[in-house]
Amino acid sequence: MILATWNVNSINTRLTHLLDWISFVKPNVVCLQETKIVDEKFPFSELEALGYSIQVYGEKSYNGVAILSDKPLSNVVRGLHQEVGPGSRRTIAGSYGDIRIVDVYIPNGGEVGSDKYAYKLEWLSSLQSYMANERAKHENLVLCGDFNIAPDDRDVYDPKEVNGTIMCSEAERNALEAIRATGLVDVFRKVHDQAGLFSWWDYRMNAFRRNIGFRIDHIWASPLMADKVKTIYIDREPRKLEQPSDHAPVVAEFL
DNA sequence: ATGGTGGATGGTCCA
């Protein structure tokens, strides 16, 4: 089973890249973030033509998540707990056979100490309780998406430069660790331990060419599920194209 | 401290 996660930064602008990439990689499940589109306007037909069933939870201009799957998901849940409304369409979950999949777009957080940062930490706390509940219910569980947090020094281009700033602050990393401690494994780190493997590069300052990046897009799984990983990689190819998303897709294959 | 770029939008906000 091949599962991918990709922050596309607008499904409309990235649709051609997404269709080409999916046709090449042929994932069974694709978790998308930052679709930036209301559900009625999602490009269903183009993706259905590739054989995918689609579940969406979007809003105008900002945020928005979706899951594409080659067989329909069951028990789809939108949002964390009871939250509704704009600014919060960041989570969609569903069951692919006996695998529970949770797709998240964790808030960016602006700058450390800002209102947005406080919101990010609150949101992470809410995700922790959500995931504790999911973990209690599902033996095979995947949490994936744009976490907007680089877990450790290997996941940033220059720890001395960025530790303590957004995506790399102690409070964010502690909150992320608390979510992991509900019973999940960073599948990428189960396979690769080297530094400098990033999933996001700022559009500015030729950051991609200079590999000034961060590993903030993740696939986490419950232990038995993580044990079944065959390969996991970050696909930098789409980031090299004209008009790319600033994020690269992450792909995992499970036996 | 600022600004560098890109998406949605039609002013700025967000990342």
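Structure: see above.
This report concerns the structure included in the present document. Remember, predicted model here, so these are calculated numbers, not experimental data.

The rules behind each value
- Residues numbered from 1 in each chain as written.
- Chains lettered and ligands numbered in written order.
- Predicted model: local features only at pLDDT ≥ 70, side-chain atom pairs only at ≥ 80, totals over all residues.
- Heavy atoms only, no water.
- Pairing = 2+ DSSP bridges.
- Helix = DSSP H or I, 4+ residues; strand = E, 2+ residues; numbered from the N terminus.
- Axes fitted to C-alpha atoms, helices over the stretch in contact; angles between N-to-C directions.
- Contact = heavy atoms within 4.5 Å.
- Near = heavy atom within 4 Å.
- Polar contact = N/O pair within 3.5 Å; in protein donor to acceptor, adjacent residues only side chain to side chain.
- Nonpolar A, V, L, I, M, F, W, Y, C, P; charged D, E, K, R; others polar.
- Disulfide = S-S within 2.5 Å.
- Buried < 20%, exposed > 50% of the residue type's maximum accessible area, 1.4 Å probe, protein only.
- Core = buried A, V, L, I, M, F, W, Y, C linked by side-chain atoms within 4.5 Å.
- Expected span 1.5 Å × (residues − 1).

## Concerning the sheet that holds strand β12 (residues 217–221)
So, point 1. Spatial ordering of the open sheet is given by β5-β6-β7-β8-β12-β9, a layout of 6 strands whose pairing is mixed. The sheet is open, and its two edges are formed by β5 (74–78) and β9 (185–186), each paired on a single side.
So, point 2. Here strand β8 (residues 141–146) pairs with β12 via 5 bridges, running antiparallel. When the bridges of β12 are listed, D146 appears paired with D217.

## Some thoughts on the sheet that holds strand β3 (residues 53–57)
So, point 1. Here we have 6 strands laid out as an open sheet, ordered β3-β4-β2-β1-β14-β13, and mixed in their pairing. The two strands at the open ends of the sheet, each matched to only one other strand, are β3 and β13 (229–234). Pairwise comparison of adjacent strand axes, ignoring direction, gives a mean angle of 10° for this sheet.
So, point 2. By the bridge criterion, 5 bridges tie β3 to strand β4 (residues 65–69) in an arrangement that is antiparallel. By the bridge assignment, Y57 is partnered in β4 with V65.
So, point 3. Sheet strands touched by helix α1 (residues 11–25): β1 (2–7), β2 (29–33), β4, β13 and β14 (250–254). Its angle to β1, the strand with the most contacts, is close to 160°.

## Some words on the protein's contact with DNA strand B
So, point 1. The full set close to DNA strand B counts 15 residues, and S10, T13, K60, N108 and R204 are the nearest of them.
So, point 2. Backbone atoms, meaning sugar and phosphate, make up 71% of the atoms of DNA strand B lying within 4 Å of the protein.
So, point 3. Between DNA strand B and R204 there is a distance of 3.0 Å, counted from a base nitrogen to a side-chain nitrogen or oxygen.
So, point 4. Along the lines of polarity and charge, the residues of the surface near DNA strand B split into 3 nonpolar, 6 polar and 6 charged.

## Describing the state of the cysteines
So, point 1. Throughout the structure, instances matching the rule amount to 0 disulfides.
So, point 2. Unpaired in terms of disulfides, C31 finds its nearest cysteine sulfur in C144, a separation of 3.5 Å.
So, point 3. Of the residues examined, C31 reaches a relative accessible area of 0% and is grouped as buried.

## Some details on the side chain of Q55
So, point 1. Its place among the elements puts Q55 in strand β3.
So, point 2. Judged by relative accessible area, Q55 falls into the buried class, the value being 19%.
So, point 3. A polar contact is formed between the side chain of Q55 and the side chain of R78, at a distance of 2.8 Å.

## A closer look at the pairing of strand β7 (residues 99–105)
Within a regular beta strand, the side chains point alternately toward one face of the sheet and then the other, so they alternate between its two faces.
So, point 1. Within β7, 7 of the 7 residues are buried, which leaves it mostly tucked inside the rest of the structure.
So, point 2. The alternating pattern of β7 places I99, I101, D103 and Y105 on one face and R100, V102 and V104 on the opposite face, and all of these are buried.
So, point 3. Where strand β6 (residues 91–96) meets β7, 6 bridges bridge the pair, whose relative direction is antiparallel. Its bridge partner lying in β7, Y96 is registered against I99.
So, point 4. Counting the residues that bridge the hairpin from β6 to β7 gives 2 residues, and of these G97 lies at a positive phi of roughly 60°.
So, point 5. Pairing of β7 with β8, which is carried by 6 bridges, proceeds in the parallel orientation. Counted as the bridge partner of I101 is V142 from β8.

## Digging into the nonpolar core
In globular proteins that are soluble, nonpolar side chains generally tend to be buried together.
So, point 1. Judged by nonpolar contacts, the single largest core of 31 residues is most densely connected at L3, I101, V142, V187, I219, I232 and F254.
So, point 2. Excluding anything up to four places from it in sequence, V142 contacts L3, I99, R100, I101, V102, I219, W220, A221 and M225.
So, point 3. One finds I2, W6, L18 and F42 within the second-largest nonpolar core, a separate group that totals 22 residues.

## Describing α1
So, point 1. A rise of 1.5 Å per residue sets the reference length of α1, with its 15 residues, at 21 Å; its end C-alpha atoms lie only 18 Å apart and thus fall more than 12% short of the reference.
So, point 2. All of the buried residues along α1 are I11, R14, L15, H17, L18, L19, W21, I22 and V25.
So, point 3. Residues of α1 that are buried in the fold lie against β1, β2, α2 (44–48), β4, β13 and β14.

## Considerations on the pairing of β14
So, point 1. Counting buried positions along β14 gives 4 out of 5 residues, so the element sits mostly inside the fold.
So, point 2. Strand direction decides the pairing type here: β1 and β14, joined by 4 bridges, are antiparallel. Among the inter-strand pairings, A4 is bridged to a residue of β14, identified as V251.

Read these as geometric descriptors, not functional statements.
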